[in-house]
Amino acid sequence: MKASGVTDIGKVREANQDQFAILEFETGAGLAVVCDGMGGPGGGQIASSIAVRTICDELKKTYRPEKPLAEIREQMRHAVSLANAAIFDEGLANRKLMGMGTTVVLALYRGQQVLIGNVGDSRAYLIRDGQTTQISKDHSIVQQMLDSGSISRREARNHPQKNIITRALGVESNCDLDLFEVELSEFDSLLLCTDGLSNLLDDRELGFEISVGDRQKAILKKLVSMANSRGGTDNITAVLLSNTKI
């Protein structure tokens, strides 16, 4: 598995509140984490930084390749729970930071097997044979509307409440992580990204650019450039995991 990441401030924001990290474990396993902070420039940056650092430190300490999948799932839940508590406690200790939080999407991979988790609206996509499938599920007002059938996917894309999320790390004392399992085939790719990218490029465009690209870094730079050319309305962060030669 090859992994690369990029983050960009975009064209509108005064600071970059996104964070990402990529770790390599033993025997070809690894971890990728992407966070999108909120709560003002200071609070958002602090929240996303705490989340990435805490999750990476905990899983680096506890991951072992011989452990069964069920135990690794619980380790991921625990790592995210620790991150949530650390952000929440920091907000309590500093009133200026109260209410800060962050989304998170993470992928722990070993061989062809990938565990994906998310809180908020940062996303994980599977790209297979040029087709893009969203693996994660947004925790947002608009997603609830979609689930109830009150709006269509086309209406959801530009809905005025699109950026209102219903779950985030650090906002409350407890936070649940949704987990998904994916078995990769040869030439599959996984994209983890913040909404600064997914709000401006649709699934078809993401799949096309990743499928036709020949190098991870070049693909990611192209995606960022496309988002910025459409206004760059938010920070843009993406990590590409490729079970391919790119």
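See the structure printed just above.
Now for a look at the structure at hand. Just so we're clear, the structure is a prediction, and the values are computed from it rather than from any experiment. (Residues numbered from 1 in each chain as written. Predicted model: local features only at pLDDT ≥ 70, side-chain atom pairs only at ≥ 80, totals over all residues. Heavy atoms only, no water.)

Below, the discussion takes up the overall build of the protein. From N to C terminus, the protein includes seven helices and 10 strands. On C-alpha atoms alone, the protein measures out to a radius of gyration of 17 Å, which is about the 18 Å that the 2.2 N^0.38 rule sets for 246 residues. Seen along its three principal axes, the alpha-carbon backbone of the protein occupies a region of about 50 × 45 × 35 Å. Among the 246 residues that make up the protein, the fraction classed as buried is 55%. Carbon together with sulfur atoms contributes 47% to the accessible area of the protein, which is approximately 11,300 Å² in total. Put simply, the protein has 28 plus and 32 minus side-chain charges, and the middle of one group is 3 Å from the middle of the other. (Helix = DSSP H or I, 4+ residues; strand = E, 2+ residues; numbered from the N terminus. Rg over C-alpha atoms; globule rule 2.2 N^0.38 Å. Buried < 20%, exposed > 50% of the residue type's maximum accessible area, 1.4 Å probe, protein only. Areas by Shrake-Rupley, 256 points an atom, 1.4 Å probe, with all protein chains shown as cover. Lys, Arg positive; Asp, Glu negative; His and termini not counted. Charge placed at Lys NZ, Arg CZ, Asp CG, Glu CD.)

When you line up the elements, Asn-235 lands in the loop between helix H7 (216-229) and strand S10 (236-242). When its relative accessible area of 1% is taken as the criterion, Asn-235 is described as buried. Within polar-contact distance, the side chain of Asn-235 engages the backbone oxygen of Ile-9 at 2.9 Å. Polar side-chain contacts of Asn-235 include one of 2.8 Å to the backbone nitrogen of Gln-17. When neighbours within four sequence positions are excluded, Asn-235 is seen to be in contact with Asp-8, Ile-9, Arg-13, Ala-15, Asn-16, Gln-17, Asp-18, Thr-194 and Gly-196. (Polar contact = N/O pair within 3.5 Å; in protein donor to acceptor, adjacent residues only side chain to side chain. Contact = heavy atoms within 4.5 Å.)

As a further point, take the packing of aromatic side chains. On inspection of all chains with the given rule, the structure shows one aromatic pair. Between Phe-25 and Tyr-63 the ring centres are 4.9 Å apart and the planes differ by 20 degrees, which places this aromatic pair in the stacked class. One end of the pair, Phe-25, is in the loop between strand S2 (18-24) and strand S3 (30-38); the other, Tyr-63, is in the loop between helix H1 (40-62) and helix H2 (69-93), with 38 residues separating them in the sequence. (Phe/Tyr/Trp six-rings, centres within 6.5 Å; stacked < 30°, edge-to-face > 60°.)

What follows deals with unusual backbone geometry. The backbone of Asp-129 sits at a positive phi, close to 55 degrees, despite the residue not being glycine. Mapped onto the fold, Asp-129 is located in the loop between strand S6 (123-128) and strand S7 (131-134). For Asp-129, a relative accessible area of 74% translates into the label exposed. One non-glycine residue, Phe-187, lies in the positive phi region at around 80 degrees.

To continue, consider the environment of Phe-187. Position of Phe-187 among the secondary structure elements: in the loop between strand S8 (178-183) and strand S9 (189-193). Note: C-alpha distance between Phe-187 and Leu-146 (41 residues apart in sequence) is 31 Å.

Here the focus is the sheet that holds strand S1 (residues 2-8). Taken together, five strands build an open sheet; the order of strands is S1-S10-S9-S6-S7 and the sheet is antiparallel. A single partner strand is all that each edge strand has here, and the edge strands are S1 and S7. Each adjacent strand pair in this sheet contributes to an overall mean axis angle of 20 degrees, direction not counted. Of the strand pairs in this sheet, S6 and S7 are connected by four bridges, and their pairing is antiparallel. Each bridged residue has a counterpart across the sheet, and for Tyr-125 the counterpart in S7 is Gln-134. (Pairing = 2+ DSSP bridges. Axes fitted to C-alpha atoms, helices over the stretch in contact; angles between N-to-C directions.)

This paragraph deals with the environment of Ile-135. As for its position among the elements, Ile-135 is in the loop between S7 and helix H3 (141-148). Beyond its immediate stretch of four places on either side in the chain, Ile-135 contacts Ile-116, Ala-124, Tyr-125, Leu-126, Phe-180 and Val-182.

Looking now at the layout of surface pockets. Here the largest pocket defines a volume of roughly 360 Å³. Taken together, 18 residues make up the lining of the largest pocket; nearest its centre are Arg-123, Gln-134, Arg-153, Arg-157 and Lys-162. If you list the elements that add at least two residues to the lining of the largest pocket, you get H3, helix H4 (153-157) and helix H5 (195-198). Taken together, the residues of the lining of the largest pocket break down into three nonpolar, six polar and nine charged. (1 Å grid on protein atoms, 1.4 Å probe; cavity = no way out; pocket = protein on both sides within 12 Å on 5 of 7 lines; lining within 4 Å. Points joined across faces, edges and corners; volume = space filled by probe spheres on them. Nonpolar A, V, L, I, M, F, W, Y, C, P; charged D, E, K, R; others polar.)

It is worth spelling out the pattern of salt bridges at this point. Considering all chains together, one arrives at 10 salt bridges under this definition. Between Arg-13 and Asp-234 there is a salt bridge; the shortest N-O distance is 3.1 Å. With Arg-13 in the loop between S1 and S2 and Asp-234 in the loop between H7 and S10, this residue pair connects regions lying 221 residues apart in the sequence. Linking Asp-138 and Arg-123 is a salt bridge whose minimum nitrogen-to-oxygen distance equals 2.7 Å. Here Asp-138, found in the loop between S7 and H3, pairs with Arg-123, found in strand S6; they are 15 residues apart in sequence, far enough to count as distant. (Salt bridge = Lys/Arg side-chain N within 4 Å of Asp/Glu carboxyl O.)

Turning next to the nonpolar core. By size, the foremost hydrophobic cluster in this structure holds 33 residues, and its most contacted members are Leu-31, Val-33, Ile-55, Leu-59, Met-76, Leu-106 and Leu-169. Secondary structure elements with two or more residues in this core: S2, S3, H1, H2, strand S4 (101-110) and strand S5 (113-119). With residues near it in sequence (within four places) discarded, Leu-169 still touches Ala-51, Val-80, Ala-83, Asn-84, Ile-87, Met-100, Gly-101, Thr-102, Val-104, Val-119 and Cys-175. Core analysis: the second largest hydrophobic core is formed by 19 residues, Ile-127, Cys-193, Leu-200 and Leu-206 among them. (Core = buried A, V, L, I, M, F, W, Y, C linked by side-chain atoms within 4.5 Å.)

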